[in-house]
Amino acid sequence: MKLKKWLVSSLRTKLLVMFILLTVIPLIIIGMVSYIKSIHIISHNARTSAQLQANQASQAINVIFEDVQRFTEIGNQESTVQFLLSPENTNEDAKNILNMFAFYREIYPYSENIRNIKIFNLDGRVISERDGVHQLEKSPKNDPEYTNLLQREEHSMIVPTTINDTPVISITNSVISEITGEVIGFINMVVDATAIEQILNQTSLGDSGIFFIETELGESIFFPTENKKGRAFIANRELIRKRKSGVIMNQSGTTVTVFDTVASTGWKVIGQAPVKEIMSESNEIRTLIFVTVACSIIFTITLYYFISLRLIRPIRHLKEKMKHASDGDLDVKVYSESVDEIADLSNSFNIMISKIKSLLKQSVEEQKQLTNAEFRALQNQINPHFLYNTLDNIIWMVESKKSNEVIEMTTALSRFFRITLSGGKDWITIEDELEHIRSYLVIQKIRYRDILDVSFHINEEILSHKILKLTLQPLIENAIYHGIKNQRGKGLIIIKGDFNFDGNIRIEIIDNGKGIKEERLLEIQERLARGLPMRGGNSGIGMYNVQQRIQLFFGKQYGLAVNSQYGEGTIITLTIPTEGETNEKSISVR
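Residues numbered from 1 in each chain as written. Predicted model: local features only at pLDDT ≥ 70, side-chain atom pairs only at ≥ 80, totals over all residues. Heavy atoms only, no water.

Another point: the side chain of H465. With respect to the helices and strands, the residue H465 is situated in the loop between β13 (452–458) and β14 (466–468). Among the polar contacts made by the side chain of H465, one reaches the main-chain carbonyl oxygen of T578 at a distance of 2.4 Å. (Helix = DSSP H or I, 4+ residues; strand = E, 2+ residues; numbered from the N terminus. Polar contact = N/O pair within 3.5 Å; in protein donor to acceptor, adjacent residues only side chain to side chain.)

Okay, here's the thing in structure tokens:
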């Protein structure tokens, strides 16, 4: 029990056990497994290296054939097609083709290995670099050797041969008419195969291993120049024919055979070597594994004492500071002289405490602003000046015996205050808010009968969504008193409501009043953006109040935008989210 308590209570002891479990024991296991598996790993790496040698050799040989095949472009040239199709050709035509041969030799680097290029048509008329213009003894269309090319079963014929005991490769390609799609002749290139033997000489596979080349039929055609002993015995030759590349080990495990296919010819590059030569480094690698594991164990145990000393002390210091913070001391700070993860954790703790203090301060400040905004909203709910003027107009109309107008204004005033009070609720539907401003506008139109017209353009889908009460009336009032009232002629207010591209609700108050001068407009826009009240007495209090309430409830991305052209009118755009009720619940938590 004491041992268990000691293991659980001490972090340093836990680290020691962790190091033993996670490092020393795994290192010992890894060493044992490495010792057992090293031979297999080295064998795999050796076979992979041998396969890579074969791949590199086949790719190098394939590059040679690809470079040579570029000369087949000569067959598509106009002068070549004319030579192949015309029954008679002038010396000038032959000269042009020979010049073309020379031109291609200049632009392609591998041309020095091409010993001769010739072009001949189906009737056997030939133009050759070496022999000039002459006639073949046997027409290609009657020669079985060219049957596959004539029938287009093959596009290229590659034949290894010798000239004066020098290995060469004869490459014949058919020339096809772009108009008829038929074979009209052939282009033949005789290539010096010395470069292929050089590639085989430069490809090593142990001290005594060799590489050689076989055709698709299994015929050995190229060996390294210093090794002319013929192809070696291969037990599973059928497998080499079927597969593109691979590694084969003989049954006794003494010889490895690797092979790869030359893409442009289908030839096989085959290499053979004794297994013991390609695995000569196995003993050194096994020794290195044992030494590495032993040194790692010693280093790990030594490192534990250093880490435990450096790690535990700052963690304990951080633990004490966190306890002070949990007790309510938000002025606590953690100082760390290191630059490791513990220092990052200490800095994160300091940042967290700072942000908590900032959020608490911000929460108190926002609550104060919300209270002030609500207070200003309550002040604006009943405008004594507006009520006085309305009642004065009612008295005047009664004295003038305009009973219909009295009834209309009194009814509108009743609806106006009914929605203004709305049972103490802060949230009403957009439909009720619009009804509220309609009642307000009925009263204003009676007062300004000759100078005020109102037009509504509302998408009915937004009517059921919620909005903060008394959001639109201050904006309408602002448009009347600061826009239309001070202009000559009849005023017009257009109220538009719809969804914007982001799915939010956008309501626009458009008037054709006198507008706002540019300097004043910039000031209004700046103060709305910064959340500052407007200058100049009561001017702009309604807009500021609406802006504050909207942004306190929904966030800085919502609120008012003001645009105006002096002498033409003003547009006030209100943007709020579509789910006012949801936002109301989230705000109440704050």
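Having seen the structure, we can now continue with the description.
All right, on to the pairing of strand β5 (residues 166–176) then. Most of β5 sits out of view: nine of its eleven residues are buried. Where strand β4 (residues 156–163) lies against β5, eight bridges are found, and the strand directions are antiparallel. Paired with S156 across the two strands is N173, which belongs to β5. Remark: two residues form the turn of the hairpin made by β4 and β5, two consecutive strands paired antiparallel; N164 in that turn has positive phi of roughly 55 degrees. Sheet analysis places β5 next to strand β6 (residues 183–192), joined by nine bridges and oriented antiparallel. (Buried < 20%, exposed > 50% of the residue type's maximum accessible area, 1.4 Å probe, protein only. Pairing = 2+ DSSP bridges.)

The next point concerns the pattern of salt bridges. The full count for this structure, using the stated rule, is eight salt bridges. Residue E526 is joined to R530 by a salt bridge in which the shortest nitrogen-to-oxygen separation is 3.1 Å. You can see E526 and its partner R530 sitting in helix α15 (residues 518–530), four residues apart, about one turn around the helix. E526 gets classed as partly exposed once you look at its relative accessible area, which sits at 44%. Take R530: its relative accessible area is 56%, and that puts it in the exposed class. Each of R520, E523 and R527 takes part in a single network of salt bridges with overlapping partners. (Salt bridge = Lys/Arg side-chain N within 4 Å of Asp/Glu carboxyl O.)

Looking along a regular strand, one sees the side chains alternate between the two faces of the sheet. By the criterion of burial, β6 is predominantly enclosed, with ten of the ten residues buried. Sheet topology note: the strand β1 (residues 114–121)/β6 ladder contains seven bridges and is antiparallel. Looking across to β6, one finds that I114 is bridged to V191. Adjacent in sequence and paired antiparallel, β5 and β6 are bridged by six residues, among which G181 carries a positive phi angle near 75 degrees.

On to helix α13 (residues 430–447). Over its 18 residues, α13 runs 26 Å from end to end, which matches the ideal 26 Å to within 8%, given 1.5 Å per residue. For α13, the complete set of buried residues consists of I430, E433, L434, H436, I437, S439, Y440, L441, I443, Q444 and I446. (Expected span 1.5 Å × (residues − 1).)

A separate point is the sheet that holds strand β10 (residues 255–261). Note on sheets: strands pair through backbone hydrogen bonds, and any given pair is parallel or antiparallel. Spatial ordering of the open sheet is given by β8-β7-β11-β10-β9, a layout of five strands whose pairing is antiparallel. The open sheet terminates on both sides in strands that have one partner only, identified here as β8 (220–222) and β9 (245–249). In this sheet, adjacent strand axes meet at a mean angle of 30 degrees when their direction is disregarded. Alignment of strand β7 (residues 210–214) against β8, held across two bridges, turns out to be antiparallel. Residue pairing in the sheet places I213 in a bridge with F222 of β8. Sitting on the sheet, helix α6 (residues 194–202) touches β7 and β8, and the angle it makes with β7 is about 145 degrees. (Axes fitted to C-alpha atoms, helices over the stretch in contact; angles between N-to-C directions. Contact = heavy atoms within 4.5 Å.)

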